[in-house]
Amino acid sequence: MAEKQYNWSAIAKNPKFMELHRKKTTFLVGWWVFSTVFYFLLPIGAAYAPGLFKIKILGRINFGYIFALSQFFVSWGIAMYYAHVANKDFDRLTRELVDELK
């Protein structure tokens, strides 16, 4: 069975594809910038504000440990939020585009 040939340049110019690409790019770049800044706050903060990172929060657990562990939870939160947005918006736009191309 022969595969269907697609006109990829026409797909790239399709308004639905352009909307999908714009929305995904905006979403991903925004969260990439946030997560990169958040990630680098740990070593920068530890280097330039060691007093802040030594503040005891709970027994022997200090702000530095809490901040370091928060990076896991922030990553998981971003991943869950991405899955939510992808299921709600990106998948819908992709289905509309595929249906149009059939």
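Residues numbered from 1 in each chain as written. Predicted model: local features only at pLDDT ≥ 70, side-chain atom pairs only at ≥ 80, totals over all residues. Heavy atoms only, no water.

The protein carries the name DUF485 domain-containing protein in an unreviewed UniProt entry, which gives Geobacter hydrogenophilus as its organism.

S.K.: Whenever I open this one, the overall build of the protein confuses me. Can you help?
M.R.: For the protein, the helix and strand inventory stands at four helices and two strands. Ordered by position from N to C terminus, the α and β elements of the protein give α-α-α-β-β-α. Relative to a compact globule of 102 residues, whose C-alpha radius of gyration would be 13 Å, the protein shows 21 Å and is clearly more extended. With the C-alpha coordinates aligned to their principal axes, the bounding extent of the protein is approximately 65 × 25 × 25 Å. (Helix = DSSP H or I, 4+ residues; strand = E, 2+ residues; numbered from the N terminus. Rg over C-alpha atoms; globule rule 2.2 N^0.38 Å.)

S.K.: What should I look at first to understand the UniProt feature "transmembrane region" (unreviewed entry) in the protein in this one?
M.R.: Under the local residue numbering, the UniProt record ascribes the feature "transmembrane region" (unreviewed entry) to residues 29-49 and 61-83. In residues 29-49, helix accounts for 95% and strand for 0%; the two terminal C-alpha atoms are 28 Å from one another. As annotated, residues 61-83 has a helix share of 91% and a strand share of 9%, and its two end C-alpha atoms lie 32 Å apart. (UniProt positions renumbered as here; feature names shortened; annotations may be inferred.)

S.K.: Could you clarify how one ought to interpret the side chain of Gln71 in this entry?
M.R.: Along the chain, Gln71 falls in helix 4 (residues 63-101). A relative accessible area of 12% means that Gln71 is categorised as buried. A polar side-chain atom of Gln71 sits 3.5 Å from the main-chain carbonyl oxygen of Tyr39. Leave out the neighbours within four places in its chain, and Gln71 touches Phe38, Tyr39 and Leu42. (Buried < 20%, exposed > 50% of the residue type's maximum accessible area, 1.4 Å probe, protein only. Polar contact = N/O pair within 3.5 Å; in protein donor to acceptor, adjacent residues only side chain to side chain. Contact = heavy atoms within 4.5 Å.)

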